[in-house]
Amino acid sequence: MKYLIATLVVVIGIIAIGATSYISAFNTGNRLENQIVATYEDNQNVLAQYGNRIAEAAQIPAMQRDDLAAVVTAALDARYGEEGSQAMFQFIQEQNPTIDSTVYTQLQRMIEAGRIDFASAQTRLIDQKRVYETALGSFWGGTWMRIAGYPSIDLDEYNIVVNARTVEAFETGQEEAIQLR
Amino acid sequence: MTLYYAVLFIIPLIMWIGIAKLFLHLNFSWGEVAIQLAVTSIVIFGIFAVGSHSQTSDHMFVNGVVTKLEPVKKSCKSGWSDYTDDFCTEYRTRSVPDGQTCTTTNGKRSCSTNYKTQYNYIYYWEQKYFVRTTIQSYQVPRVDAQGTQTPPRFSEIEIGDPVTMQVSYTNYIRGASSSLFNEQLPADELPPLAYPSVRDMYKANRVIVSGVAFDGNLHKEWNDQIAVLNSSISKTGANVILVLTGDDRKFPEKLAQAWEAHNINDVVVTMGINGDDVSWVDVRSWSSNSIVEISIRDGILNLGTLDNVAINDIIQESVMNGFELQSMENFEYLADDIPPPTWAYILAIITLLIITPIITYVFNKYEVI
């Protein structure tokens with residue numbers, strides 16, 4: 001009888017630890033995945049907001065704002081790098097030739113701030129993926145997370161925006177000098 | 001994460017109790033098994049909870065202004081009383097008999113007298129000097145026991161004076177050393193600069209000079225001005241710290257690591273100076289909008305000289321227009337990336353290897369329940 005009780009206590013203890021580990025792993029996986037998805041969407045939001053802010057600051061007519069948003073997005077998401085900034089300023093000057101130097105300076109600051117904010121948002125996404133992958137790779141917690149069905153999202157779908165020149169530089173191990181003109 | 005690490009340590013605990021009960025046939029009841037499991041689990045969980053808190057607990061400056069100067073005068077109890085007053089502090093004490101405690105040993109009864117402390121206030125009234133502010137109240141120490149004379153420190157305070165205090169908050173970035181938001185520089189490269197702290201009730205030196213000669217009077221004056229600036233921008237939640245250095249442009253990065261990535265509301269403006277000229281400017285904050293950093297940097301660089309009044313104006317305008325206090329919730333994900341400190345592991349191991357066997361021994365030898 002004593003052995004039966006002893007075995008029961010040990011089994012209940014093991015089940016309790018297993019259940020605690022499972023629930024903890026499930027909640028951790030759920031929380032981290034939702035954060036990654038939310039941050040990914042927030043990155044898109046950061047890009048969109050800057051288009052609007054710059055259009056307002058540059059006093060661009062309402063009809064041309066969608067066109068500007070596309071140019072701003074291209075400049076901010078680093079797809080065109082410095083050339084993107086030049087294209088944006090050219091577009092702004094075409095739409096608003098009377099733009100004064102104060103507004104122009106303010107726009108330059110907004111673009112730089114936008115780049116920093118976007119870079120920071122992208123770093124947060126990378127950091128969240130790092131934390132999630134570290135959790136998945138840990139011995140105890142990671143095992144229970146896999147048992148709980150994580151990862152349930154494809155992490156490759158939540159990558160940061162990288163320009164083609166950077167991808168090429170990493171693939172070839174060589175970087176060409178930037179052509180400003 | 002606390003639960004995760006606690007569970008890892010509870011597994012060997014269960015194994016040990018199982019071995020002790022089933023294979024070593026130690027003599028303790030199932031009630032004692034339950035107590036042992038519960039007590040040790042709570043202790044281990046507590047160790048990791050305290051360890052986690054110590055990793056993320058931080059203090060940030062909150063700024064405000066003096067709103068009211070309030071001397072408060074209250075009457076004190078007269079005669080001897082069993083209780084102390086919640087306001088008056090100056091009293092005499094005495095011990096008076098308060099019944100007896102009697103015990104019977106080997107059929108012999110013996111009694112001893114109990115005593116209690118009574119209080120008699122010296123003055124009919126006492127006066128205290130309070131400074132009410134937008135962040136909290138302060139009490140200026142009295143210069144005489146009763147408080148009849150107004151303390152000089154109280155007299156010099158004016159309504160509208162800047163005040164600051166440090167409040168505790170959870171800083172996930174501080175605890176997550178592996179985070180991409182933390183610098184990864186060797187410890188011996190970090191500048192030995194202490195983060196500002198509160199002095200003289202509600203003041204703090206937030207103009208810091210490192211490795212360069214600087215006029216002492218201007219330093220003090222600028223500190224006072226930054227205190228006023230910080231109270232002026234208090235509604236944004238920001239806290240401005242100025243650092244003047246003769247070091248190179250890598251200094252701000254080193255300082256950021258030395259100060260554990262800065263507080264969530266700090267705007268740290270570092271200026272490389274050469275005489276009266278500003279060579280470079282670096283502005284770091286966790287503001288949701290980086291325009292505040294760019295505006296301050298460009299404004300000071302355009303100015304070019306160490307004009308404290310003009311620099312203060314640039315900072316104030318930029319913070320008021322651009323600073324957006326970021327929520328620490330954005331970094332809560334880092335809580336899953338903060339391992340417990342080494343001392344927590346050591347304490348947990350000590351608990352398992354020493355305290356648990358001792359409890360087992362006691363339960364084996366004595367019948368507790």
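Trainee: How should the overall build of chain A be read in this particular structure?
Mentor: Across its full length, chain A holds six helices and zero strands. Along chain A, helices and strands appear, N-terminal first, in the series α-α-α-α-α-α. Out of the 181 residues belonging to chain A, those deemed buried represent 38%. For chain A, the share of sequence-separated contacts (at least 6 apart) that also reach a separation of at least 24 residues comes to 69%. With an accessible surface of roughly 10,500 Å², chain A has 57% of that area assigned to carbon and sulfur atoms.

Trainee: When you look at the overall build of chain B in this model, what are you seeing that I'm missing?
Mentor: Along the backbone of chain B there are nine helices and 13 strands. The C-alpha radius of gyration of chain B comes to 30 Å, more than 25% above the 21 Å expected for a compact globule of 369 residues. Dimensions of chain B along its principal axes, counting C-alpha atoms only, are 95 × 65 × 35 Å. Within chain B, residue pairs in contact and separated by at least 24 positions form 70% of the contacts whose partners lie at least 6 positions apart.

Trainee: Teacher, can you tell me more about the packing of aromatic side chains here?
Mentor: The relation between two aromatic rings is expressed through the spacing of the ring centres and the mutual angle of the planes. Applying the stated rule across the entire model yields 17 aromatic pairs over all chains. Centroid distance Y195 of chain B to W259 of chain B: 5.1 Å. Interplanar angle 85°. Geometry classified as edge-to-face. With Y195 of chain B in the loop between α4 (172–175) and β8 (198–199) and W259 of chain B in the loop between α6 (251–258) and β12 (266–274), the pair connects residues that are 64 residues apart, well separated along the chain. You can call W259 of chain B buried: its relative accessible area is 7%. A network of ring pairs unites the aromatic residues Y22, F26 and Y150 of chain A as a single cluster. Positioned above the aromatic ring of W125 of chain B, the side-chain terminus of K73 of chain B is 4.1 Å from the ring centre. Taking the ring centre of F61 of chain B as reference, the NZ or CZ of R206 of chain B above it sits at 5.1 Å.

Trainee: Mind showing me how you'd approach the packing of helix α5 (residues 216–232) of chain B against helix α8 (residues 308–322) of chain B here?
Mentor: Helix-helix packing is characterised by the crossing angle of the two axes and by the distance between the axes. All names here are of chain B. Taken N-terminus to C-terminus, the directions of α5 and α8 make an angle of 20°; their axes are 11 Å apart at the nearest point. Accordingly, the angle class assigned to the pair α5 and α8 is roughly parallel. For the pair α5 and α8, the sense of crossing is right-handed. Of the residues in α8, those in contact with L218, E221, W222, Q225, I226, L229 and S232 of α5 are N308, V309, I311, N312, I315, Q316 and M320. Considering only residue class, the contact of α5 with α8 consists of eight nonpolar, five polar and one charged.

Trainee: Please explain the domain arrangement of chain B as it appears in this structure.
Mentor: The figure often quoted for interface size is the accessible area lost as the parts come together. We note that the domain assignment places domain 1 (2–56 + 336–365), domain 2 (77–121) and domain 3 (177–329) within chain B. Here the C-alpha centre of domain 3 of chain B lies 58 Å away from the C-alpha centre of domain 2 of chain B.

Trainee: Would you take a moment to explain the environment of D200 of chain B for this structure?
Mentor: Structurally, D200 of chain B can be placed in the loop between β8 and β9 (203–204). On the basis of relative accessibility, which here comes to 35%, the residue D200 of chain B falls in the partly exposed class.

Trainee: Explain the sheet that holds strand β6 (residues 137–140) of chain B to me, please; I cannot follow it from the model alone.
Mentor: The strands that make up a sheet pair up through hydrogen bonds in the backbone, lying either parallel or antiparallel. Residue and element names in this part refer to chain B. The antiparallel open sheet is built from four strands, whose spatial order is β6-β5-β1-β7. Here the strands that pair on one side only, and so sit at the sheet edges, are β6 and β7 (162–170). Strand-to-strand twist of the sheet, defined as the mean angle between neighbouring strand axes without regard to direction, takes the value 45°. As paired strands, strand β1 (residues 57–75) and β7 are joined by nine bridges and run antiparallel to one another. Counterpart to M60 in the pairing with β7 is V167. Its contacts with the sheet place helix α2 (residues 30–56) against β1 and β7, and it is angled at close to 90° to β1.

Trainee: Would you explain the nonpolar core in this entry?
Mentor: Nonpolar side chains in soluble globular proteins generally cluster together in the buried interior. Counting residues in hydrophobic clusters, the biggest one holds 28 residues, and the most contacted among them are Y132 of chain A together with I173, F331 and L334 of chain B. At five residues, helix α4 (residues 101–137) of chain A tops the list of elements feeding residues into this core. If near-sequence neighbours (up to four positions away) are discounted, I173 of chain B is found in contact with F181, N182, A261, W286, M328, F331 and L334 of chain B. I273, V281, I296 and I314 of chain B belong to the second-largest nonpolar core, a separate cluster that totals 25 residues.

Trainee: Any chance you could explain the interface of chain A and chain B here in plain terms?
Mentor: In this complex, chain A contributes 36 residues to the contact, which on the side of chain B involves 34 residues. Around 2,900 Å² of area is buried between chain A and chain B when both sides are counted, 64% of it from carbon and sulfur atoms. Counting every contact that joins chain A to chain B gives four salt bridges. The closest approach of N and O atoms between R130 of chain A and D337 of chain B, which form a salt bridge, is 2.7 Å. Looking at the side of chain A that touches chain B, the elements that each hand over two or more residues are α1 (2–57), α4 and α5 (139–147) of chain A. The dominant element in the side of chain A that touches chain B, judged by the number of residues it contributes, is α1 of chain A, at 17 residues.

Trainee: Looking at this model, I keep getting lost on the state of the cysteines. Mind explaining?
Mentor: Defined simply, a disulfide is a covalent bond joining two cysteines at their sulfur atoms. All names here are of chain B. Tallying each qualifying case throughout the model produces two disulfides over all chains. For C76, the disulfide goes to C88, at an S-S distance of 2.0 Å. Where C76 bonds to C88 through sulfur, the torsion about that S-S bond is close to -85°, and the disulfide is left-handed. Residue C76 is located in the loop between β1 and β2 (80–81), and its partner C88 is located in the loop between β2 and β3 (91–105); the two are separated by 12 residues in the primary sequence. Like C88, C76 is buried. Across a sulfur-sulfur distance of 1.9 Å, C102 and C111 are joined as a disulfide pair. Handedness here is read from the sign of the S-S torsion; for C102 and C111, about 110°, the answer is right-handed.

So, how was this worked out
- Residues numbered from 1 in each chain as written.
- Chains lettered and ligands numbered in written order.
- Predicted model: local features only at pLDDT ≥ 70, side-chain atom pairs only at ≥ 80, totals over all residues.
- Heavy atoms only, no water.
- Helix = DSSP H or I, 4+ residues; strand = E, 2+ residues; numbered from the N terminus.
- Buried < 20%, exposed > 50% of the residue type's maximum accessible area, 1.4 Å probe, protein only.
- Contact = heavy atoms within 4.5 Å.
- Areas by Shrake-Rupley, 256 points an atom, 1.4 Å probe, with all protein chains shown as cover.
- Rg over C-alpha atoms; globule rule 2.2 N^0.38 Å.
- Phe/Tyr/Trp six-rings, centres within 6.5 Å; stacked < 30°, edge-to-face > 60°.
- Lys NZ or Arg CZ within 6 Å of the ring centre and 35° of its normal.
- Axes fitted to C-alpha atoms, helices over the stretch in contact; angles between N-to-C directions.
- Parallel < 35°, antiparallel > 145°, perpendicular 65-115°, else oblique.
- Left-handed = near helix turned anticlockwise from the far one by under 90°.
- Nonpolar A, V, L, I, M, F, W, Y, C, P; charged D, E, K, R; others polar.
- Domains from an automatic or database assignment.
- Pairing = 2+ DSSP bridges.
- Core = buried A, V, L, I, M, F, W, Y, C linked by side-chain atoms within 4.5 Å.
- Buried area = accessible area lost by both parts, 1.4 Å probe.
- Salt bridge = Lys/Arg side-chain N within 4 Å of Asp/Glu carboxyl O.
- Disulfide = S-S within 2.5 Å.

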